[in-house]
Every structure is written in C-alpha cells, then in structure tokens.
Amino acid sequence: MQPRHSLLHRSIATLAGLMSGALTAVVELLFVLLSALALVPVVATPRARRAVERSVHRCARQLAAVEQRRLATFHSIRDLGPYTDRSAYDYILRRWMVGGLGGLVVLLLLYGLVVAGTMISAWALDGTWGFIESAGRVSTGTLLVAAVPGALLLYLNVMGLVGIVDLDARLAHRYLVPSVEETLTRRISELTVSRAEVVEVVNDERRRIERDLHDGVQQRLVALGLLLSRARRTRDPAQAAELVRQAHEESELALADLRDVAWRVYPTVLDQLGLRDVIGVLAERSSIPVRLHYDLPDRPPAGIETAAYFVISEALTNAIKHSDATQIDVSVSTTQEVVTTPGDDEVDHPPHSQQTAATVRTADRVRTGTTTVITVTDNGRGGADPHGRGLTGLAGRVAANDGQLTITSPPGGPTTIHAELPCA
C-alpha cells in the first residue's frame, strides 16, 4: 500500500499535468490551424512547400519538446526520443485533441466538486437534520439521495482522468519513440559511418607506421650499415673498434625505435598484463607527470581494453606534444546501468504496420550493462581541435565500439577527453 502523502502527491501531479496539457493543447490547436494556413498556398510549388514544411516541422519539434518535459515532470514518462521533426509534427497534429479532452474532464471534476460543496454547505448551514426539504434549503434526505450518483460520477471522472493520462502516454510513445524500422535504419547509418571512420583510422595508422619506419628505423639501419662498412675498410684497429662501438649503439637505438613502433601498433603485453599495467607503463614513459586513478573491479573485454588503451595513449601523446601541460590526470572507472531487452517469448507482436518500439517493450527483461569510463585531463593551454586528424581518428575508434567521446578544450585549458565504452 502506498503512503497517503505519496498518493496525494501523485494525484496533484496528475491534475497539474492534465491542466497544463489542456493549456498547451490550445497553443497546439492554434499551431495546427496556422500551419494549415501556411501550407495551403504553397501546395502547388514544391520548393516553397519544402521550405514551409521545414519551418513548420521545427516549430512542431519545439512543441513536442515542451510536451516531453511536461510528461516527464508530471507523469514520470521519460523514455521518449529520439524522434524526427516529422514525427513531432504528426504527434502535435493529434495531441491537441487529447489535451482538450483532458481539460474537459478536469472541468467536469471541478464542476462536480463545486456542486457537491454547495449542497453540503447549504445542508450544514440549515442546522436541521430533517428529511423534508424546505424552500431554499437542502435536507438530509436530498443529500443522501444525491450522494449515490455523485459518488458514481466521481469514480467515473477519476477513471476518465487516469484514462486520459494513459492515452496521452500511448500517443507520445506512438510518435515520439522510434519504431523498430527507424531504429534499425539509424543503426545501419551509424554502422556505415563508423565503418568508414575505422577504415580511415586504419589507413592513418598504416601511414604513420610507414613514416616511423622510414624516418626512424630505416635511417638508423642505414647509419649502422655505413659504420660497419667504414670499420671493414679501415686499417687502424683503434678506429675500427670505435666504429664497431658506434655501430653497436646504432643497433640498440634501432631496436628501441622498432620496439616503440611495435608498441604503438599493438602492445602484446596488454594481453598478458592487462590494461592497468600497460597504462602504468605509459604513465612512467610520459615526459609530463601523470596521476593515475584505476577503479575497474575486473578486466574489460579484449576489444574494450584495446580501445581504452588507444584512447589513453593518444590523449597522452597529444597532451605531451601540444598542451604545454605540467600535470595529466588519467581516470579509468566503470558504471552500471539497467538495460531492458524484450523477452522473445512474452512480446505480443502487433501487425507490422502498427509495430512500434513502445509495443516491443511491453514485456521487457532487465539486465545490467557495464560501461568503462575513461577521463584524461591536462592543465595545459587548451584550444584542442576536436576535428584534428588525431582526435577524429580517436572518435572513430570509440564509435566503432558503440562508445561516445566528448572533448572539452576551452582556450586557456583545461583539456578533458571523456570516453564511454559499453561492455555489454
């Protein structure tokens, strides 16, 4: 049983939501009439019609956003969106009727309460308990007779209010929640874009590897060959020993460069030691002091671990090269969220033309999703370009794992790179 104050709070919120919905319905009706007047003259001119439709749809989206906030505030309906401008317009075309009906039901409730209050006050002021009604007065018998249909009408009115709220929610879910087809279309678009970004990232990595091998390892191997060639031709043993020593140093430097290139391609120790130890190595090798906060209870999946490594590695590289920072903070943590998925054996599948995301969620199963959260912050000068090649490639790598990357770098700093990588 719910507490009395909770039931009262919900009742007040419901009435306030219906009354505010009735007020927005008036605005929406005016919008529908004005949009019809604006569209009628340009029906025969496609270019002008498209321009007017875009303006009308944008206005409808603003009204739909107001309705979305109203439903969330008063009726606790928060699982709406994303939706298109066209869906918002279709919603507003129908929503004003529901709002007007809700306002009418609220007015009937207020009228009934006023009539009941008037009769009770008249009976109380009479001061008699008789069952015979005198002129201008309400007797006890009349009050008892009117109480039975009054209670029935009050019950029907309350049920009408509940029905209007449910109808309002169903209409919002019908038009403001993407359908299965829209969700799949959007998902295909995202996968197409992320695949193109991954291909671009791979090509950039290949060019960078070729450049590192050409400018680093290859040059050192050429120098090593020249030193050994000079050592073979010289007849001075001391000079030959010196040249061999220099060749040995060049070979060590070439090996170190080769290890650096291999590490940047993919650190094999990541599979052996895990993310914590590898980013610890990155922090130790950084020329800027790094404070590391690692709070993952378990190792994430291999793909997420690899993406997290490259996010941190690229962020540290950019900070070292461009930020002029004196301190870098790296945080790796995890969050959990409840994810609902439809139960295949419980979903009531409607006809294909009427199937929506709201219908699919009628019998959901609940599972827990885990997200790896990475935050890299430096106290440098800021002004990082989110559309630069390095950060763009990083965004593509994160998007390929269904993650989100946020870059904040105002002039003067600090620069914060925040990545969320879902593990489930």
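Residues numbered from 1 in each chain as written. Predicted model: local features only at pLDDT ≥ 70, side-chain atom pairs only at ≥ 80, totals over all residues. Heavy atoms only, no water.

## Digging into the pattern of salt bridges
Any two side chains of opposite charge can pair if their charged atoms end up close together.
Part 1 of the reasoning: Per the counting criterion, the structure on display carries 15 salt bridges.
Part 2 of the reasoning: Between Arg 70 and Asp 168 there is a salt bridge, and its shortest N-O distance comes to 2.7 Å. Note that Arg 70 is positioned in helix H2 (residues 46-75) and Asp 168 in helix H4 (residues 140-176), a separation of 98 residues in sequence. The burial state of Arg 70 is the same as that of Asp 168; both residues are buried.
Part 3 of the reasoning: The partner of Arg 245 in a salt bridge is Glu 242, with the nearest N and O atoms 2.3 Å apart. Taken together, the residues span about one helical turn, with Arg 245 and Glu 242 both in helix H6 (residues 237-265) at a distance of three residues. (Salt bridge = Lys/Arg side-chain N within 4 Å of Asp/Glu carboxyl O. Helix = DSSP H or I, 4+ residues; strand = E, 2+ residues; numbered from the N terminus. Buried < 20%, exposed > 50% of the residue type's maximum accessible area, 1.4 Å probe, protein only.)

## Some remarks on the environment of Arg 69
Part 1 of the reasoning: Looking at the secondary structure, you find Arg 69 in helix H2.
Part 2 of the reasoning: By relative accessible area, Arg 69 is classed as exposed at 52%.

## Details of the packing of aromatic side chains
Part 1 of the reasoning: Applying the stated criterion across every chain yields a total of two aromatic pairs.
Part 2 of the reasoning: Here Phe 31 and Tyr 89 contribute two aromatic rings whose centre-to-centre distance is 6.3 Å and whose plane-to-plane angle is 80°, an arrangement assigned as edge-to-face. Taken as a pair, Phe 31 in helix H1 (residues 4-39) and Tyr 89 in helix H3 (residues 85-126) lie far apart in primary sequence, 58 residues in all.
Part 3 of the reasoning: The class of Phe 31 is buried, set by a relative accessible area of 13%. (Phe/Tyr/Trp six-rings, centres within 6.5 Å; stacked < 30°, edge-to-face > 60°.)

## Side note on the nonpolar core
Part 1 of the reasoning: In terms of nonpolar packing, the biggest core is built from 32 residues, with Leu 275, Ile 312, Ile 328, Val 330, Val 332 and Ile 374 touching the most fellow members.
Part 2 of the reasoning: Listing elements by their share of this core, those giving two or more residues are helix H8 (275-285), strand S1 (290-294), helix H9 (302-323), strand S2 (328-342), strand S3 (364-378), helix H11 (389-399) and strand S5 (415-422).
Part 3 of the reasoning: Counting residues per element, this core draws most heavily on H9, at ten residues.
Part 4 of the reasoning: If we ignore the near neighbours within four places in the chain, the residues touching Ile 374 are Ala 308, Val 311, Ile 312, Ser 331, Ile 417, His 418, Ala 419 and Leu 421.
Part 5 of the reasoning: Formed by 29 residues, the second largest nonpolar core is a distinct cluster that contains Val 32, Leu 39, Leu 71 and Ala 172. (Core = buried A, V, L, I, M, F, W, Y, C linked by side-chain atoms within 4.5 Å. Contact = heavy atoms within 4.5 Å.)

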